[in-house]
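# Descriptive analysis of the structure
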Amino acid sequence: KAGVTQTPRYLIKTRGQQVTLSCSPISGHRSVSWYQQTPGQGLQFLFEYFSETQRNKGNFPGRFSGRQFSNSRSEMNVSTLELGDSALYLCASSWGATDTEAFFGQGTRLTVV
Amino acid sequence: AQSVAQPEDQVNVAEGNPLTVKCTYSVSGNPYLFWYVQYPNRGLQFLLKYITGDNLVKGSYGFEAEFNKSQTSFHLKKPSALVSDSALYFCAVRARSGNTPLVFGKGTRLSVIA
């Protein structure tokens, strides 16, 4: 079956702009999580959604927001982009139970110039 | 708050030798523990998990990990390393109770030298 799909794969934006990233989970998965990966910080948790409700939120400023739709697809938005937002953004989906493993997409590489 | 420590940024091992990638965790109560691997320009791939039962967990590609509650550790091991095992490895923890997220360590880069 199809894996987790993230679009776009690469993105270049200018400081001050906003960006929306998309994630389509594996069919049947109800939970979607987002992570920011940078060389110095590893994977940092952004949000987790389950059945359209935000279940958890990481320690990121309010410029980072997300949502999940009724078909479990998810989007995250970053407004007023800063140079430090340049990173690989990873989406992961799972059935939703806390003991189940997450399946990751290939990520969206965001570069802010 | 839960956290994961991977004390080594880089591990080098010769092909054919055993490998160990270390992980310690901090969580309230009992944990669910996971290992993932990331190859260049790819997302993370699940390797194995500890949920309950036997402390020694076997996973994909010949990897295994041992849960040690007293030392709060979950080290990843493989008896004989392959060059193709060279990648970035992440340990992750999630608390059993409460709605807490899956939290990752900073990763350990494994280089297997032929």
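Residues numbered from 1 in each chain as written. Chains lettered and ligands numbered in written order. Predicted model: local features only at pLDDT ≥ 70, side-chain atom pairs only at ≥ 80, totals over all residues. Heavy atoms only, no water.

## Considering the sheet that holds strand S3 (residues 19–24) of chain A
Residue and element names in this part refer to chain A.
- With antiparallel pairing, the four strands of this open sheet are ordered in space as S1-S3-S8-S7. In the strand order of this sheet, the two ends are held by strand S1 (5–7) and strand S7 (64–68), each with one partner. On average, adjacent strands in this sheet sit at an angle of 15° to one another, irrespective of strand direction. (Pairing = 2+ DSSP bridges. Helix = DSSP H or I, 4+ residues; strand = E, 2+ residues; numbered from the N terminus. Axes fitted to C-alpha atoms, helices over the stretch in contact; angles between N-to-C directions.)

## Quick notes on the pattern of salt bridges
- Following the criterion strictly, the structure yields nine salt bridges over all chains and no others.
- A salt bridge links lysine 78 of chain B to aspartate 85 of chain B; the shortest N-O distance between them is 2.8 Å.
- Classification of lysine 78 of chain B as buried rests on a relative accessible area of 8%.
- Linked by salt bridges that have partners in common, Glu48 and Arg55 of chain A together with Arg94 of chain B make up one network. (Salt bridge = Lys/Arg side-chain N within 4 Å of Asp/Glu carboxyl O. Buried < 20%, exposed > 50% of the residue type's maximum accessible area, 1.4 Å probe, protein only.)

## With respect to the pairing of strand S6 (residues 53–57) of chain A
All names here are of chain A.
- Here four bridges tie strand S5 (residues 42–50) to S6, and the two strands are oriented antiparallel to one another. Residue phenylalanine 47 lies in a different strand from S6, and its bridge partner there is lysine 57.
- Between S5 and the antiparallel strand that follows it, S6, lie two residues; serine 51 among them carries a positive phi value of about 50°.

## A word on the nonpolar core
- Judged by nonpolar contacts, the single largest core of 29 residues is most densely connected at Trp35, Leu47, Leu48, Phe74, Leu76 and Tyr89 of chain B.
- For this core, the elements supplying multiple residues, two or more each, are strand S2 (10–14), strand S3 (19–21), strand S5 (31–38), strand S6 (44–50), strand S8 (64–68), strand S9 (73–78), strand S10 (87–95) and strand S12 (108–113) of chain B.
- Sequence-distant contacts of phenylalanine 74 of chain B, that is, excluding residues within four places in its chain, are made with Cys23, Leu33, Phe34, Trp35, Leu48, Lys49, Tyr50, Ala65, Glu66, Phe67 and Cys91 of chain B.
- By size, the runner-up hydrophobic cluster in this structure holds 21 residues, among which are Ile26, Trp34, Phe47 and Ala87 of chain A. (Core = buried A, V, L, I, M, F, W, Y, C linked by side-chain atoms within 4.5 Å. Contact = heavy atoms within 4.5 Å.)

## Some thoughts on the interface of chain A and chain B
- At the interface, 21 residues of chain A touch 22 residues of chain B.
- Viewed at the interface, chain B and chain A are joined by two salt bridges.
- For glutamate 101 of chain A, the salt bridge is made with lysine 49 of chain B, and the minimal N-O distance between the two is 2.7 Å.
- Along the contact surface separating chain A from chain B lie five residue pairs in polar contact (both at pLDDT 80 or more).
- For the side of chain A that touches chain B, the secondary structure elements donating two or more residues are strand S4 (31–38), S5, S6 and strand S9 (87–94) of chain A.
- The leading source of residues in the side of chain A that touches chain B is S5 of chain A, at four residues. (Polar contact = N/O pair within 3.5 Å; in protein donor to acceptor, adjacent residues only side chain to side chain.)

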